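Spelled out from the first residue to the last, the chains are:
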Amino acid sequence: MIRVRFLTPDGDLACDAEGEAGFSLLELGQAKGMPLEGTCEGQMACSTCHVIVSAADFDRLPRASEEEEDMLDLAVGATRTSRLSCQIVLTPELDGLTVSLPSEHRDMQGR
């Protein structure tokens, strides 16, 4: 199991979660009730699953694709360590990953 820590925008613990290798961070977050919308269902056509990866963990992730970078340009509150959670696949190398939820998000479904 891969351990992930989700933090609130203020840096407080939102939840500690464990997921199986091969699952996306989006799937894990949604299963734990995190407000990761994922409007496009992981097809990288929106930025509603935007997370901010801790600076200490960012370099452990595979590099973002050009398409992901383009979507992150649309994310509200994007930072240097922002990623789309649908593009982060849980692997043993990512055990202990910490991500923060952005303070703002864009609700593409109008809820």
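Given the structure is predicted, the values throughout are model-derived calculations rather than measurements. (Residues numbered from 1 in each chain as written. Predicted model: local features only at pLDDT ≥ 70, side-chain atom pairs only at ≥ 80, totals over all residues. Heavy atoms only, no water.)

### Considerations on unusual backbone geometry
Thinking step 1. Here E41, not a glycine, exhibits a phi torsion of approximately 60°, which is positive.
Thinking step 2. Residue placement: E41 occurs in the loop between helix 1 (25–31) and strand 3 (50–53).
Thinking step 3. Within the chain, M44 stands out as a residue other than glycine whose phi angle is a positive 60°.
Thinking step 4. Looking at where M44 falls in the secondary structure, it is placed in the loop between helix 1 and strand 3. (Helix = DSSP H or I, 4+ residues; strand = E, 2+ residues; numbered from the N terminus.)

### Considerations on the nonpolar core
Thinking step 1. Among the nonpolar cores identified, the biggest contains 26 residues, and V4, F6, L25, L97 and V99 are the most heavily contacted of them.
Thinking step 2. Looking at this core, the elements with two or more residues in it are strand 1 (2–7), strand 2 (13–19), helix 1, strand 3, helix 3 (66–72) and strand 5 (97–100).
Thinking step 3. Dropping the residues within four chain positions of it, V99 is found in contact with V4, R5, F6, L7, L25, V51, I52 and V53. (Core = buried A, V, L, I, M, F, W, Y, C linked by side-chain atoms within 4.5 Å. Buried < 20%, exposed > 50% of the residue type's maximum accessible area, 1.4 Å probe, protein only. Contact = heavy atoms within 4.5 Å.)

### Points about the pattern of salt bridges
Thinking step 1. Within this structure, the stated rule accounts for 4 salt bridges.
Thinking step 2. Across the pair R5 and D16 runs a salt bridge whose closest N-O atoms are separated by 2.7 Å. One end of the pair, R5, is in strand 1; the other, D16, is in strand 2, and 11 residues separate them in sequence.
Thinking step 3. Accessibility expressed as a relative area gives 37% for R5, which makes it partly exposed.
Thinking step 4. A relative accessible area of 44% places D16 in the partly exposed class.
Thinking step 5. Here D57 and R60 are joined by a salt bridge, their closest N and O atoms 3.1 Å apart.
Thinking step 6. A relative accessible area of 32% means that R60 is categorised as partly exposed. (Salt bridge = Lys/Arg side-chain N within 4 Å of Asp/Glu carboxyl O.)

### Some details on the pairing of strand 1
Thinking step 1. Strand direction decides the pairing type here: strand 1 and strand 2, joined by 6 bridges, are antiparallel. The partner of F6 across the bridge, within strand 2, is C15.
Thinking step 2. Hairpin remark: strand 1 followed by strand 2, antiparallel, with 5 residues in the connecting loop; positive phi at G11, about 90°. (Pairing = 2+ DSSP bridges.)

### Overview of the environment of A78
Thinking step 1. Positionally, A78 belongs in the loop between helix 3 and strand 4 (82–84).
Thinking step 2. The partly exposed category is assigned to A78, whose relative accessible area is 39%.
Thinking step 3. Here the alpha-carbon distance between A78 and P92, two residues 14 residues apart in the chain, equals 26 Å.
Thinking step 4. For A78, the residues in contact, after removing those within four places along its chain, are H50 and L72.

### Notes on the sheet that holds strand 4
Thinking step 1. The strand order across the open sheet built from 5 strands is 2-1-5-3-4, with neighbouring strands paired in mixed fashion. Strands at the two margins of the open sheet, each flanked by one partner only, are strand 2 and strand 4. Strand after strand, the sheet turns through a mean of 35° between neighbouring axes, direction not considered. (Axes fitted to C-alpha atoms, helices over the stretch in contact; angles between N-to-C directions.)

### So, the confidence of the model for the protein
Thinking step 1. Across the protein, pLDDT averages 92, with 94% of residues at or above 70.
Thinking step 2. Below a pLDDT of 50 lies the segment residues 106–111, which in the model reaches 12 contacts outside its immediate sequence neighbourhood of four places, other chains included. (pLDDT = per-residue confidence, 0-100.)

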